[in-house]
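Structure assessment
Chain by chain, the residues run as shown.
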Amino acid sequence: MTKATARAHSNIALVKYWGKRDIQLNLPARGSVSMTLEGLSTETTVEFGDDLSRDELKLNEEVAHEADRERISGFLDLIRAEAGIEQFARIQSSNNFPTAAGLASSASGFAALALAGSTAAGLDLSKRELSILARRGSGSAARSIFGGFVRMHAGNQNDGLDAYAEPIEVAEHWDLRCVVAVTARGPKKVGSTLGMNTTERTSPYYRAWLDTVNPHIEESIHAIRKRDFEHLADVAEASCLAMHASAIAARPGVLYWRGITVGLIHFVRELRASGLPVFFTIDAGPHVKVFCEGDAVSEVRKNLQDFDGVIDTITAKPGGSAELIEE
Ligand code: PMV
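Analysis parameters
- Residues numbered from 1 in each chain as written.
- Predicted model: local features only at pLDDT ≥ 70, side-chain atom pairs only at ≥ 80, totals over all residues.
- Heavy atoms only, no water.
- Helix = DSSP H or I, 4+ residues; strand = E, 2+ residues; numbered from the N terminus.
- Rg over C-alpha atoms; globule rule 2.2 N^0.38 Å.
- Buried < 20%, exposed > 50% of the residue type's maximum accessible area, 1.4 Å probe, protein only.
- Lys, Arg positive; Asp, Glu negative; His and termini not counted.
- Charge placed at Lys NZ, Arg CZ, Asp CG, Glu CD.
- Polar contact = N/O pair within 3.5 Å; in protein donor to acceptor, adjacent residues only side chain to side chain.
- Contact = heavy atoms within 4.5 Å.
- 1 Å grid on protein atoms, 1.4 Å probe; cavity = no way out; pocket = protein on both sides within 12 Å on 5 of 7 lines; lining within 4 Å.
- Points joined across faces, edges and corners; volume = space filled by probe spheres on them.
- Nonpolar A, V, L, I, M, F, W, Y, C, P; charged D, E, K, R; others polar.

The number of helices and strands found in the protein chain is 8 helices and 14 strands. Here the C-alpha atoms of the protein chain give a radius of gyration of 19 Å, agreeing with the 20 Å that 2.2 N^0.38 yields for 327 residues. When the 327 residues of the protein chain are sorted by exposure, 55% land in the buried category. Averaging the coordinates of the 35 positive side-chain charges in the protein chain and doing the same for the 43 negative ones gives two points 5 Å apart.

Written out as structure tokens, the structure reads:
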């Protein structure tokens, strides 16, 4: 095998990952919990060949920027080392969701690349090994190897072999929906690695944030297993706000929110107070991700679409694990 194509879905953290215990191996300081999103996916083809003098990358049909090519090439070096091969590769990767909206594509992207790249290189990795590999590309990508509801382990070994994701429940377990309220166009200004690094080094609240994570993980897993929406709403909002509070308190403050982000937080709380079961979460950008159960999704979507300044909404249900696609 020298060529393979894989698809992986993005995911949204319900208990956030924010901070690394090792930058080189990209090891998270704490674990996290997420839902994999059907529909927000990346499809990636990797083909190794003797005719290439370096890796070639196309993103969404266009020749990629050099910085992106180098990041992907560095990731393929890990696969080449493991497989004992030296050939370079042609990589083609496309997102089926608007990259321009600044939504995270690194999770689905590195999960698809880990699976397509390792298969094309002749490796037959287990899901755990794939999760460990994907983590080297991006922390959240380790979770996108699995479908449904997923837990990431921080581990404590120096080699990172215990820092992998694991499924909590399959996608069919709970008809939870995520409606993304897109609030701005263009890529985010402060990437997650820089944002985490600034928080770790300078925020007086970083340690306090870390202390919230393990209890939140246990609580969220309990709520997911029991399909307890109210409890999950409470934990997920607490985790999101604690993460952003630690980031905002850094020097300089890492502030991903715009006015509309705060407006939407209040709006979601008003909807909940009026009897519509919803909660919000926010990542390293200005968009607000609103969760609800399947029976409430049309009402939630309509409310968000009518909110002044919301550019678009994208709705996803729990998605499956990363998979190979037959040519
Ligand atoms: O995987 P990264 O390096 O893009 O970081 C993800 C950070 C957050 O999206 C803010 C939180 C998370 O757990 O996904």
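Right, let's get into the side chain of Ser34. Its place among the elements puts Ser34 in strand 4 (residues 32-49). Ser34 sits in the buried class, given a relative accessible area of 0%. A distance of 3.3 Å separates a polar atom in the side chain of Ser34 from a polar atom in the side chain of Arg143. Discounting residues that sit within four places of it in the chain, Ser34 has contacts with Asn11, Ile12, Ala13, Leu14, Arg143, Gly148, Phe149 and Val150.

Further remarks concern the environment of Arg258. Looking at the element boundaries, Arg258 is found in the loop between helix 6 (229-248) and helix 7 (259-273). Judged by its relative accessible area of 49%, Arg258 is partly exposed. It is 5.8 Å that separates the C-alpha atoms of Arg258 and Pro286, two residues lying 28 residues apart in sequence. The residues contacting Arg258, other than those within four sequence positions of it, are Lys189 and Pro286.

Counting across every chain of the model gives 1 cavity of 30 Å³ or more. Looking at the largest cavity, its volume works out to about 30 Å³. Lining the largest cavity are Tyr17, Pro28, Ser32, Gly139, Arg143 and Met152. Per-class residue counts for the lining of the largest cavity are 3 nonpolar, 2 polar and 1 charged.

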